[in-house]
Amino acid sequence: MRQVPGAPRWLGLAGVLPQLACFAYAWSGDPAWTGAARIAAGLYAGLILSFLGGTWWGIAAAAPAAEGRGQLGWVWVAAVTPSLIAFAAGLWWIAHPDQPQPALAVLAFALLASPVVDMRLAAMALAPRWWTGLRWPLSLMLGLATLAVAVR
């Protein structure tokens with residue numbers, strides 16, 4: 001992450017703190033905190049996934065030349081997918097409030113898989129050179145923290 005400019009690096013790392021707090025509360029041993037931590041972790045994971053989709057949408061919108069060659073159709077689809085995944089996980093949770101683990105696991109795996117899109121964007125020279133250096137560690141930390149809350 002040394003190649004990542006200061007502001008995105010530090011703000012990105014700060015963005016991991018809420019999920020790490022959810023992890024700590026879920027594993028604190030207090031059952032009252034576990035339920036609250038699961039809800040907060042699910043909400044935050046869904047927010048981050050939607051944020052990621054928004055960044056991909058912005059990257060696609062900023063590259064009109066590539067759109068003309070039909071190379072960005074997949075990015076538009078990828079940009080909407082995280083919000084749809086988060087919404088589907090939320091629906092599961094609403095339908096099965098006593099079983100949040102599958103919804104949290106889906107959100108965790110979506111976070112862990114998200115850098116695949118970033119790698120393709122970087123390979124197409126649409127994202128900054130430092131982009132994947134930021135995205136991999138953040139996605140790994142967020143995804144693993146969410147998964148840890150899911151298995152608690």
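Residues numbered from 1 in each chain as written. Predicted model: local features only at pLDDT ≥ 70, side-chain atom pairs only at ≥ 80, totals over all residues. Heavy atoms only, no water.

## Let's talk about unusual backbone geometry
For step 1, the next point in the chain: Unlike most non-glycine residues, alanine 125 shows phi in positive territory, near 60°.
For step 2, the next point in the chain: The topology assignment puts alanine 125 in the loop between helix H7 (115–123) and helix H8 (131–151).
For step 3, the next point in the chain: By relative accessible area, which is 64% here, alanine 125 ends up exposed. (Helix = DSSP H or I, 4+ residues; strand = E, 2+ residues; numbered from the N terminus. Buried < 20%, exposed > 50% of the residue type's maximum accessible area, 1.4 Å probe, protein only.)

## Some remarks on the packing of aromatic side chains
For step 1, the next point in the chain: Enumeration according to the criterion identifies four aromatic pairs in this entry.
For step 2, the next point in the chain: Taking NZ or CZ as reference, arginine 120 lies 4.0 Å from the ring centre of tryptophan 74, over its face.
For step 3, the next point in the chain: Here the basic side chain of arginine 152 rests over the ring of tryptophan 27, its NZ or CZ set 4.8 Å away from the ring centre. (Phe/Tyr/Trp six-rings, centres within 6.5 Å; stacked < 30°, edge-to-face > 60°. Lys NZ or Arg CZ within 6 Å of the ring centre and 35° of its normal.)

## Observations regarding the nonpolar core
For step 1, the next point in the chain: If you look at the biggest cluster of nonpolar residues, it comprises 36 residues, and the most contacted ones within it are Trp56, Leu111 and Leu121.
For step 2, the next point in the chain: A total of ten residues in this core trace back to one element, the largest contributor, which is helix H3 (residues 31–61). (Core = buried A, V, L, I, M, F, W, Y, C linked by side-chain atoms within 4.5 Å.)

## Side note on the confidence of the model for the chain
For step 1, the next point in the chain: Looking at the chain, pLDDT values average 94 and 96% of them are 70 or higher.
For step 2, the next point in the chain: Summarising per-element confidence for the chain, the mean pLDDT is lowest in helix H4 (residues 64–68) (62) and highest in helix H6 (residues 101–113) (98). (pLDDT = per-residue confidence, 0-100.)

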